[in-house]
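Residue-level structure breakdown
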Amino acid sequence: MSTEKEIILQFAPWESFVSPTFWHKLAELKLDHDRLSDSKRSITGHYTNRNASGCLLEVDYTAYNRTAQPPKFSHCAIGTIYNKNTIEEFKALDKLQLLVDEGKELLADMCSGGALRDPSLLTRFFVLSFADLKCHSYYYWFAFPCPLTPTLKLQGAVQKLRDLANSSSYITALKALPTESQNFFILYANVEKNVVEARSLSSLDEKEVEFCYFGFADPSEYEHPAWIMRNYAAFLLQQCPSFVGKPLKFLGLRQNQQMNIDDSLVWQVIQTEACDLSQSEDIKFVGWELNKNGKMGPRMVCMRDSMDPAKLAENSVNLNLKLMKWRLVPDLNLEIVAQTKCLLFGAGTLGCAVARNLLSWGFKHISLLDSGKVGFSNPVRQNLYTHADAVAGNRMKATTAAQRLKDINPSAETAGYVLEIPMPGHTIGESLVAQTKEHLEVIEKLVQDHDVIFLLTDSRESRWLPTLLGAAKEKIVINAALGFDSYLVMRHGTTRKEAGDDGQEIEGLKCINGDQLGCYFCNDVTAPGNSLKDRTLDQQCTVTRPGVSNIAASYAVELLVALLQHPRKELAPAYYAQSARGKSEKAEEKVPEGLLGILPHSIRGMLCNYENILPATQKFAQCIACSVAVLNQYKKEGHAFLFKTFETAKYLEDLTGISEFKRLNSEIIDFDDEEFDMSDSDED
C-alpha cells in the first residue's frame, strides 16, 4: 500500500448470519406472548475474532435471553427487533426514520458515557421483520447504524502486530487480557518508561494518546477493519475532541485457530474535521445491510424445508389455537388441554369424530378402546378408516384409529386397545372368565391413568362399566348417545369433593353443583339388559341421520374444553330454568358463563326441528351406576361384584332398591267412576 498519500479508510460491512433457531423462537414468542403487539424487543447477537470468516454477526435462539450469553471466544452485540404484524406494515414502515431513531440511541450512549461503561453498546444493530407463521416464511432486514462522520484517512501502510517494534511485549500484554474484555480495550505502550499493558476502555486519557493503541476484537478477515471500528472511532473522537487532527492507532485483534494473535492488524488514521455528535438532529446515518443480490432491500427465508416435519405439523396444528389467544380468548389455557389424557370407549362413528375434534383442540394424549374390525360400511361414516382397511379384513378399529391420529398429528401420543367391554345382562361363559378378568384389569388401569372418559359405544349396557369406573376413580366423564335424528351429550356429575363456593342463586334458575349432577343412568328406574337380544338388524345397528354423529361429537368435545377452562373444572355448577316458558327464556339469559360460555349439564337436540334444550338433573340416590350403594359394593368386592352384574342385571336393581319401584309401577289401581264427576256443569 502506498505511504506517499493519505487514503480513505474503508470498512468491511457486517454480514448477518441467522440461525434457524432464531426464527423458531420468534414464532414461539409471537404466538404465545407478543400476539398482536408489535412493540420492539431487545435482543443480542454475537461475533468472533477467532479464525473469522467474512465479517459475521450471528443471532440464534439465545438472542431473546434477558442476559447475553455469547458462545466461547465470542463477543456480545446489542440489538433490537421490530416484528410487524402484516407484510403491508413491514413494507410501509419508514426505513430511513427507523435508522435515524436507532442511530440517535447509539449517539445517546456515546455522548452520555454509557458506551464507556459498556463498550458492547458500540456494536449496535437492529432487525426489521415480518413472520408469516402460516407459511413459515420470514422477511427480515438487518441494519448496523453508524453516524455519517468525516472520513478517516489511513496514514502509512497497514501493519501486522508481529512486525511492530517490541511486538513480543505487546503480544504478552494482550494474551493476559481476559476474553470478555477483548471487545474494546486500550493497549498502553510507553517504551521509555518500559510500560506495556492492556487497559479497559474506561481508563481513556486523551493526554496519553501517543502511547495508545485503541484495540478491538476484529471479526474481519480482510485487510479492511470491521464496521465496528467506524463506531469506535466516532466514539473516541466524541469523547476526546482533541484527537481531531492527531494520528490515532487502532489495533484489530485477530486470532487464528491456535489462538495466535501475531496476524492482528494496526491502522494509523487521522480525522481532520470535527463533528459534534451531541447535535444529533444534524447527523445522518448509514448501516442498512445489502441483500443477497447486493441491492438495498430485505431478505426472505422459508423455514418449511429445514424444519422437522413433526415439529412443522405441531406448529401448524397449534397455530389456530394460539391465534385465539391474540384477540378472542386471551385467557384460554392451552396447556391444560395439551396435558389432559382422554380415553374413548368406542372407536366407531362417534369415536372417530370425537378423536378428530380432540386433535383439533390440541389434545395430545388420546387412547381408544374397541373390539370391532373395520367393515365395508364403516369408512363413509367413520372418518379414521379407509376402504383399504375394510378390504384387509383384519384391521381392528382401535389400533387403526390410533395410528390414523398419529398420521394426522405425529406429535400426538395415541394408543388403541382391542378389548371387549363386559356388560350387565351379558353372561360370561366359563371359558371366557379368565379373559374377561384380564380385560377388566386393563380397563380399570386405563381409566385410572386417564383424566377424561368418553362414552361413545353403540349400546346402553356397554356404557355401564365405564360410568361406574369413572365415578369410582373420580374422572371427568362425557357421554354422547344418538337416536335416528336426535342426540344427547352430557357430563356426568363428579364424585370428587373439593372445598369451594356453591353456585350462585339466581331468580328463575335452578342451580345444581357439579358433584350433585346425575349420570347417564340416573334417570332410569331399570338396569340395562341385553339390547341385542331378539332384535332385527335395523334395531341392532345404530341407524341415524349421518350428520347427527358429527354434531354430537363436536358438542362433546366443546363441552369438555369449556369444562377444563372453568376454575372448578368438573365441579362447575349447571343451571336450568324452572319457570313458565316466557319467564324461562328471560331466566336463561341470566345463566353465568365461563370462559367459553355456559356450562350445561346436558344437551338434547333434534334435527327434525333443529332445536337444542339444556336440561339438568340431580343424582338419583338409587342409580344403578353411580349411587353410593353401587360404588361401595364395587370397592368392597371388586371383580366379584362385577361378575354378579354380568350374570343378571336384576342384581343391580335389588342392590339399589329400584326393583321396588318397578313393583309399585306394575300395580293396577282401580278407581270408581262415580268418584269423579266430569260433567260440563262443573267446568265453570
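Our structure is the block above this text.
To keep things clear, this report deals only with the structure shown in the data block. Counting of residues starts from 1 at the beginning of each chain's written sequence and follows it residue by residue. Residue-level local features of this predicted model are given only where pLDDT is at least 70; pairs of side-chain atoms are given and counted only at 80 or more, and the full residue set underlies all totals for whole chains, interfaces and linings. Side-chain calculation: all heavy atoms of the structure are included, whereas hydrogens and water are not.

**Comments concerning unusual backbone geometry**
How we decide: Type-normalised accessible area, obtained with a 1.4 Å probe on protein chains alone, sets the label of each residue: buried when under 20%, exposed when over 50%, and partly exposed for intermediate values. Runs of H or I in DSSP of at least four residues are treated as helices and runs of E of at least two as strands, each being numbered from the N terminus.
Phi at F73 is positive, roughly 65°, even though this residue is not glycine. Look at F73 and you get partly exposed, because its relative accessible area is 22%. The phi torsion at M259 lies on the positive side, around 65°, for a residue other than glycine. In this fold, M259 is placed in the loop between β13 (248-253) and β14 (265-270).

**Some remarks on helix α7 (residues 309-327)**
Note the threshold: Multiplying one less than the number of residues by 1.5 Å gives the expected span of a helix. Whether two residues touch is decided by their heavy atoms; if any such pair falls within 4.5 Å, the residues are in contact.
With 19 residues, α7 ought to run about 27 Å at 1.5 Å a step, and its terminal C-alpha atoms sit 29 Å apart, in line with that. Of all the residues in α7, the buried ones are L312, A313, N318, L319, L321, K322, M324 and K325. Buried positions along α7 lie against α1 (20-34), α8 (334-339) and α9 (349-360).

**Things to note about the sheet that holds strand β21 (residues 476-482)**
Here is the rule we go by: Strands are treated as partners if at least two bridges between them are detected by DSSP. To get an axis, fit a line to the C-alpha atoms, keeping to the stretch in contact for a helix; angles then go from 0 to 180 degrees between the N-to-C directions.
Read across the open sheet, the eight strands follow the order β19-β18-β17-β20-β21-β22-β25-β26; overall the sheet is mixed. The open sheet has two edge strands, β19 (413-418) and β26 (611-613), and neither has a second partner. Going from strand to strand, the sheet's axes swing by 15° on average, the running direction of each strand aside. Contacts from α9 reach β17 (341-345), β18 (365-370), β20 (452-455) and β21, with the element oriented near 165° to β17.

**Let's talk about the state of the cysteines**
Inclusion rule: Disulfide: a pair of cysteine sulfur atoms within 2.5 Å of each other.
Per the stated rule, a full pass over the model turns up zero disulfides. Of all cysteine sulfurs, the one in C55 lies closest to C76, which takes part in no disulfide; the gap is 16 Å. What makes C76 buried here is its relative accessible area of 14%. Between C623, a free cysteine, and C519, which holds the nearest cysteine sulfur, the sulfur-to-sulfur gap is 3.5 Å. Judged by its relative accessible area of 0%, C623 is buried.

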